[in-house]
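Geometric and topological summary
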Amino acid sequence: MPFFEQSAAEHLRNLETGEVSSVDLTRSYLDRIAALDARVGAFLRVDSEGALRQAAEVDAKRAQRRPVGPLGGLPVAVKDILCERGQPTTCASRILENFRPPYDATVISRLRAADAVLIGRTNLDEFAMGGSTESSAFQVTRNPWDLERTPGGSSGGSAAAVAAGFAPLAIGTDTGGSIRQPAGLCGVVGMKPTYGRVSRYGVVAYASSLDQVGPFGQSVEDVAMLLEAIAGHDPRDATSLNEPVPAYTKEVGLPLANLRVGWVREHFGQGLDADVEAAVRAALGVYESLGATLHEISLPHAKYAVATYYVIAPSEASSNLARYDGVHFGHRTNEKEMLAELAADRKQLETACDRQGLDRLDSALVRMYRRSRSEGFGPEVKRRIMLGTYALSAGYYDAYYLKALKVRRLIRQDFDRAFGQVDLIAGPITPAPAIKIGELAGDPLAMYLLDIYTVSANLAGLPGLCLPCGRSAAGLPIGLQLLAPPLAEARLLRGARMYEQATTWNTTHPEL
Amino acid sequence: MSLSRVEVEKVALLSRLRLSDAELDTITADLAKIVGYVDQLAEVSTEGVEPMAHAIEITNVFRDDSSSESLPREEALANAPHHDTRGYLVPAVLGE
Amino acid sequence: MSETYTTIIGLEVHVQLATDSKLFCGCSTRFGAEPNTQTCPVCIGMPGTLPVMNRRAFELALRTAVALDCEIPAFTKWDRKQYYYPDLPKNYQISQYDLPMSQHGHLDIRDPKGAFATKRVRILRAHLEEDAGKSLHDEVAGKGDSLIDLNRTGTPLLEIVTEPDLRSPLEAKTFLSELKLLLTYIGVSDCNMQEGSLRVDANINLHIPASSTDPPRPGCPSDQGKHTIATPIVEIKNMNSFRAVERALEYEAGRLWHEWQETHRKLGEVPKLTRGWDDVAGVTRGQRSKEESSDYRYFPDPDLAPVTVSPAEVELVRGSLGELPAALRARLQDGFALSSYDADVLINQGQAVVVYFLEVAESAGDAKAAANWVTQDVLRVLKETNTTLDSLGLPAARLAELIRQIKLGDVPGPRAREVFQAMIERRVDVAAALESLGIAAVDESELIALASKLLAANPKTISDVRAGKAQAVGALIGQAKKQNPNIDPTRFREICLQLIETAL
Ligand SMILES: [Mg+2]
Ligand SMILES: [Zn+2]
């Protein structure tokens, strides 16, 4: 088996026995990236030098029999939205093109402490806003299974990197499905932990009450390993949960007895692709064959999840992204041009004797803000900022934002009721396999509607996982989503592993 | 609910965005479509339902009042697009 | 003019809470540092950073709210108030909107000179929020740029908003003094206006009797009860002292009256205006208001957890406050017969000094003497040596002992300050101080013997006194002091006169 098809767990065993060194392993991945990433576009930057230096340090630790962290020498790709001290952290946005944070995100610190090798930074939708990685300001990422198609998003770079064998592990963020959905579309395993399970400190915020960091891997076991390294309470994040982290790697192999799997009536309505439906129904059958019982459940407010999400997420985003104004960091417009433009505007209004227009004319500062932001943000980000500003503005707050917060509670209550009857909920991750690049350009609403199966878990704060469960007629990966109650990540991983062991979907890889 | 262009321009100012006429056209149409979709929330009965602002509802999270090292000024200002080594510079804010 | 209208004033006070670190990060809150030397990724609002609330700041805010007799709701949350300003790096301020941590309190004020009756000023709300930074324009004048200093950004503030209960600039000033007294007394803030630890904005308008313009029409129900007309409300900013607040309000009341006479514009007919106080010129000036600035788009901050406070916790705080200044002032004046001036000097020094005074007064049995010693001598030494009562080395019991012994004549009055000084310097009691200074109490028989001896040697003195020149004894006092420096000159003089008289 070629090295890049081996799981992280297998690599780790080889590293521990000395069969391979971290430097050799890292170099193999770097070579593969150098050879093939031009076709995929998974990485925004690859840090060969830094990665090899870290790998050499881990090898030295092993040689000197010093303690080695749980990811001892494994390359990990990181979505370019987690701050890394002194390194560019762009969020795939022009506005942060030159930003170098003076600090590490907690997840980055934990990866370092676990002796991971930070191999490079992966592409994403600008500020994680999107489901196809097409809104990146810098490059398109292609789906390794079909280079004409998107890898999903917003963590499309991370998902594609793992699928393409550029890294055994990767970090993503999931605000409305941004880990699970690209995992499903790229045929890898991706997980969004319970909200608060992993620290958000240093993760550039998109929608703070929904954002969560999570792992990608080729197998459930690998995802468990990476989650264990990054999870846990962080005093720097007031929304992080002060709960012990179970030993996921030890537990993941234990099958669940008397497992009750719920399937959601509302998930199998119109709009679901036939191949996807067939694959998901087959997966339910696999669970039954493993001794689980299947239960039909209802999430009556699920159909409002997309509407709820597209009020709450843009509202929070409009606020979180207000800080990009060209004053303290990030892109600033050319001031000379700005002042000249302003003078020209003034002259024009004066000539036209437009008193109202003159009264409303931007001050230099306001024009500086407006130009900097408009130059720095792409269209999808602007659209969401506008949408959120509108939903929060005077006269609309109650009808949109406040209403959405109430429906959010109803969505959560649906889940609470459901988890009274079942242990896990299983269903599709997307209505259809990966779309073609550009397929939905110009139709943002159609793009938003693809999030129908994923956003509920973010609104309710639940852990969710997606793993491969089939191929479409065109050979595209199909993902199975599993959801569990808050903090039941161990159950989620064990349930996923049961399925994975009974099937072979995760053993096939795309040809590049 | 339909969004007028004037409303969209007001939202653009509140958002500190400067949109070209073409952008305003597109975004007015996009927002109208999205807001039209979102309007379905109105049909949900939410009487007596408490708003849910956080995904996981915890309370009373504090840190101790101990001061820690600040950033050296150079490092604090390193990302500023325009500074004079003492502080951030912006077009005059007088009269704002 | 005060008969023609009533001045209606409400205040909005921002008080810096006395924490070591900022509200959401570990940066120091120390005043006066070089620009941008007390900032970190969190208070610069850098991407990815998150706020974590300072427990002490919340405790101090709670302490204040309880001292102001506010209701403390069981649940309070944090909201983002959104507006773009370069000294507000996130372009939103973390504050409280619809569920503040406290509301509906009050503070009583009184005027020692009786210019107004003692009254209760209602507090609408008090909430916790973060401060912004500073925009400095002067220092880079001519370049058309402003310099932004974020040292202050994120400093914890308590915003205290009164109901419009104040009826004169003097009442407003008195309220501020009483508020400052309370806040410094309970140790929540130093209220230093020069350093920006206390900032005041005032809202003012006039209520004009309807009769002076259009009296209620008899028999017209809609006019009944409408006895006053309110003028538009003006918000005044940039007042840098309590005196400035008083002056600005005096000026503005007059200006509003003139404006009313000219325009007859009523509340609601024009938007609320903001005016800045120019202390040098002694006038308020209109400030440009942005038409869209009022849309703050408040929403709950998703990064911060709400806070719950139980009634038991509130009672615990109430219990820890002790006697508050108003009650204490009454007790010092009524129970200890102190002047209102002395009472305020003591209370202004804070709880420790008051407790010290009470101990000294009770133990010495002389409140007036205790007040004199504490307000004059003890406070002077504290100030000169820049120390606290704890490290002063003069326990209350020792000062009380000194006062008692002066009264008994055991410590000669003229040398009492020397004794006091020695007690502090050597950290000793009265007896040891006397000994170290070589002061021994001179008893009556010793004084009589000395007087007899000196009179015998100075017959001219006796004849002078007998001739009606009692001041002739003065010469003997000088001689007596040379022989024994510890004598009490007053008593010695009395004895000499007595001896001369009885020898007749
Ligand atoms: Mg305020
Ligand atoms: Zn700070």
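Cut-offs used in this document
Residues numbered from 1 in each chain as written. Chains lettered and ligands numbered in written order. Predicted model: local features only at pLDDT ≥ 70, side-chain atom pairs only at ≥ 80, totals over all residues. Heavy atoms only, no water. Pairing = 2+ DSSP bridges. Helix = DSSP H or I, 4+ residues; strand = E, 2+ residues; numbered from the N terminus. Contact = heavy atoms within 4.5 Å. Axes fitted to C-alpha atoms, helices over the stretch in contact; angles between N-to-C directions. Donors = N, O, S within 2.8 Å, 3.2 Å for Na, K, Ca; no water. Tetrahedral: all angles 85-135°; square planar, octahedral: opposite > 155°, others 65-115°. Buried < 20%, exposed > 50% of the residue type's maximum accessible area, 1.4 Å probe, protein only. Buried area = accessible area lost by both parts, 1.4 Å probe. Salt bridge = Lys/Arg side-chain N within 4 Å of Asp/Glu carboxyl O. Polar contact = N/O pair within 3.5 Å; in protein donor to acceptor, adjacent residues only side chain to side chain. Domains from an automatic or database assignment. Nonpolar A, V, L, I, M, F, W, Y, C, P; charged D, E, K, R; others polar.

Focus on the sheet that holds strand β16 (residues 299-300) of chain C
Overall, antiparallel pairing links the three strands, which are arranged β5-β4-β16 (chain C) in an open sheet. At either margin of the open sheet sits one strand with a lone partner, and together these are β5 (92-95) and β16 of chain C. Where strand β4 (residues 79-82) of chain C and β5(C) come together, four bridges link them in antiparallel fashion. Bridging across to β5(C), C:Arg80 finds its partner in C:Ile94. Seen against the sheet, helix α10 (residues 305-320) of chain A touches β4, β5 and β16 of chain C and runs at an angle of roughly 60 degrees to β4(C).

What to know about the coordination of the zinc ion (ligand 2)
All names here are of chain C. On the protein side, the zinc ion (ligand 2) has Cys25 (SG), Cys27 (SG), Cys40 (SG) and Cys43 (SG) as donor atoms, found 2.3 to 2.4 Å from it. Coordination geometry of the zinc ion (ligand 2): the four donor atoms subtend angles of 100 to 116 degrees at the metal centre, consistent with an arrangement described as tetrahedral. Mapped onto the sequence, the residues coordinating the zinc ion (ligand 2) show the spacing C-x1-C-x12-C-x2-C. With cysteine 25 in the loop between β1 (6-16) and β2 (53-54) and cysteine 43 in the loop between β1 and β2, the pair connects residues that are 18 residues apart, well separated along the chain. Note on accessibility: cysteine 25 and cysteine 43 belong to one class, buried.

Thoughts on the interface of chain B and chain A
Contact with chain B, which involves 53 residues of that partner, is made by 73 residues of chain A. Summing both sides of the interface, chain B and chain A together bury roughly 5500 Å²; the carbon and sulfur share of this comes to 66%. Counting across the chain B and chain A interface gives seven salt bridges. With a shortest N-O distance of 3.2 Å, A:Asp443 and B:Lys33 are connected by a salt bridge. The interface formed by chain B and chain A contains 23 residue pairs in polar contact (both at pLDDT 80 or more). Those elements that place two or more of their residues in the side of chain B that touches chain A are α1 (5-14), α2 (21-38) and β2 (88-91) of chain B. Ranked by residues supplied to the side of chain B that touches chain A, first place goes to α2(B) with nine residues.

Remarks on the side chain of A:Glu500
Residues and elements named next belong to chain A. Structurally, glutamate 500 is set in helix α18 (residues 489-502). Owing to a relative accessible area of 5%, glutamate 500 belongs among the buried residues under this scheme. A polar contact is formed between the side chain of glutamate 500 and the side chain of asparagine 506, at a distance of 3.4 Å.

Some words on the domain arrangement of chain A
Residue and element names in this part refer to chain A. Taken domain by domain, chain A consists of domain 1 (3-265 + 284-294 + 419-502) and domain 2 (305-389). A C-alpha centroid distance of 34 Å is found between domain 1 and domain 2. At the junction of the two partners, domain 1 supplies 27 residues and domain 2 supplies 25 residues. On the domain 1 side of the contact with domain 2, Ile95, Met129 and Tyr448 bury the most area, a combined 33% of that side's loss. Summed over the shared surface of domain 1 and domain 2, the number is zero salt bridges. Inspection of the domain 1/domain 2 interface yields 12 residue pairs in polar contact (both at pLDDT 80 or more). At the level of elements, α16 (444-449) and α17 (455-460) are the ones that each hand at least two residues to the side of domain 1 that touches domain 2. For the side of domain 1 that touches domain 2, a count of residues per class yields 16 nonpolar, eight polar and three charged.

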